[in-house]
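What the coordinates show
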Amino acid sequence: MTGRNAVLDAAKAWERLRGIRSEADAEAAGLVPGAGGPRHWSEAASPEAQLLADRYLPLCLAGPHLTFAQLGQSLDGFIATRTGDSDFVTGEEDRLHLHRLRALADAVVVGAGTAVADDPRLTVRACPGDNPVRVVLDPKGRVPLGRQVFTDGSAPTLWVVGAGGERGKAVPDGVDVLVLPDGDDFAPGRLVQALARRGLGRVLIEGGGVTVSRFLQEGALHRLYVPVAPVLLGDGTPGLRFPGQPVMRDALRPPVRRAALGEDTLFELELRTP
């Protein structure tokens with residue numbers, strides 16, 4: 001609760017938003033319907049608090065089963081240089097945004113290539129929030145078990161491997177192993193179903209470009225966040241890549257919202273309704 005004449009600030013707004021999963025939750029948190037527009041805070045709120053509601057409330061209200069992705073890239077469509085350096089393509093405000101997305105997810109997913117190349121932690125550190133379950137897609141069992149997601153103990157980790165992928169390997173404490181013996185079980189739709197059976201319904205696909213592109217291509221994403229940095233790499237590791245349409249009029253043109261994240265531009269694409 002805020003005191004008399006107090007203004008709801010960004011920190012308190014984010015604390016409330018984190019707990020919203022339904023319209024009733026939004027009402028209880030103090031977000032009321034606007035006159036033909038988005039919900040707004042019923043009390044005096046700072047511009048930053050209203051921005052947080054505008055940006056994240058649609059994600060909060062998207063339901064218990066949602067697959068969304070984030071992929072930051074350069075203006076010419078690369079997520080790393082030709083040597084693999086990605087530290088960092090986008091700026092600090094985008095990293096805060098990414099950590100907020102993690103805090104609103106039950107699970108965060110990366111492919112084996114990202115786990116090997118970047119050694120990510122996949123935890124919520126830049127903002128208050130609970131860590132999601134970290135999911136490493138590793139059909140061939142090639143990710144070294146010394147990577148941080150397996151060893152740091154900061155959050156639960158689910159190692160998803162193919163038949164024999166974990167054979168003979170001592171899995172660290174706190175790491176659960178899911179063996180998918182059929183290669184088709186790694187298809188995005190089936191993976192999402194397997195995670196949902198474990199109670200992980202809100203899934204963030206974080207990397208890398210191959211994994212995010214695969215989910216996009218197979219229609220498994222409800223929402224896609226693409227932060228674009230004003231930098232030209234010329235060559236490097238590509239971001240989004242999938243078989244395109246032969247004519248421009250058939251290209252994918254989903255509804256989009258744009259926002260500034262410091263020097264970066266965030267494109268939020270609504271691909272389908274949960």
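Everything that follows concerns the structure shown earlier in this document.
Residues numbered from 1 in each chain as written. Predicted model: local features only at pLDDT ≥ 70, side-chain atom pairs only at ≥ 80, totals over all residues. Heavy atoms only, no water.

1. A closer look at unusual backbone geometry
Note that the residue after D87, namely F88, is joined by a cis bond; omega there is -10 degrees. In this structure, G208 follows G207 across a cis peptide bond, with omega equal to -5 degrees. Structurally, G208 is set in the loop between β10 (202-207) and α8 (209-217). Backbone geometry places D119, a non-glycine residue, at a positive phi of 45 degrees. Inspection of the secondary structure assignment puts D119 in the loop between α5 (112-118) and β7 (133-138). Residue D119 is classed as partly exposed on the basis of its relative accessible area, which comes to 25%. (Helix = DSSP H or I, 4+ residues; strand = E, 2+ residues; numbered from the N terminus. Buried < 20%, exposed > 50% of the residue type's maximum accessible area, 1.4 Å probe, protein only.)

2. With respect to helix α4 (residues 92-103)
Working note: α-helix, 3.6 residues per turn, so residues spaced by three or four point in the same direction. Taking 1.5 Å per residue as the helical rise, α4 with its 12 residues ought to reach 16 Å, and the 17 Å between its terminal C-alpha atoms agrees with that figure. With 9 of its 12 residues buried, α4 lies for the most part within the structure. Those residues of α4 that fall on the buried side of the exposure criterion are D94, R95, H97, L98, H99, R100, L101, R102 and A103. (Expected span 1.5 Å × (residues − 1).)

3. A look at the state of the cysteines
For the coordinates displayed, the defined rule picks out 0 disulfides. As a non-bridged cysteine, C60 has C127 as the owner of its nearest cysteine sulfur, 12 Å distant. Residue C60 is classed as buried on the basis of its relative accessible area, which comes to 0%. For C127, a relative accessible area of 9% translates into the label buried. (Disulfide = S-S within 2.5 Å.)

4. Quick look at the pattern of salt bridges
Tallied over the entire structure, the rule returns 12 salt bridges. Here R190 and D185 are joined by a salt bridge, their closest N and O atoms 3.0 Å apart. On the accessibility criterion, R190 (40% relative accessible area) is partly exposed. (Salt bridge = Lys/Arg side-chain N within 4 Å of Asp/Glu carboxyl O.)

5. A few points about the environment of G183
Positionally, G183 belongs in the loop between β9 (175-180) and α7 (188-196). Taking C-alpha positions, G183 is 41 Å from E263, a pair spaced 80 residues apart along the chain.

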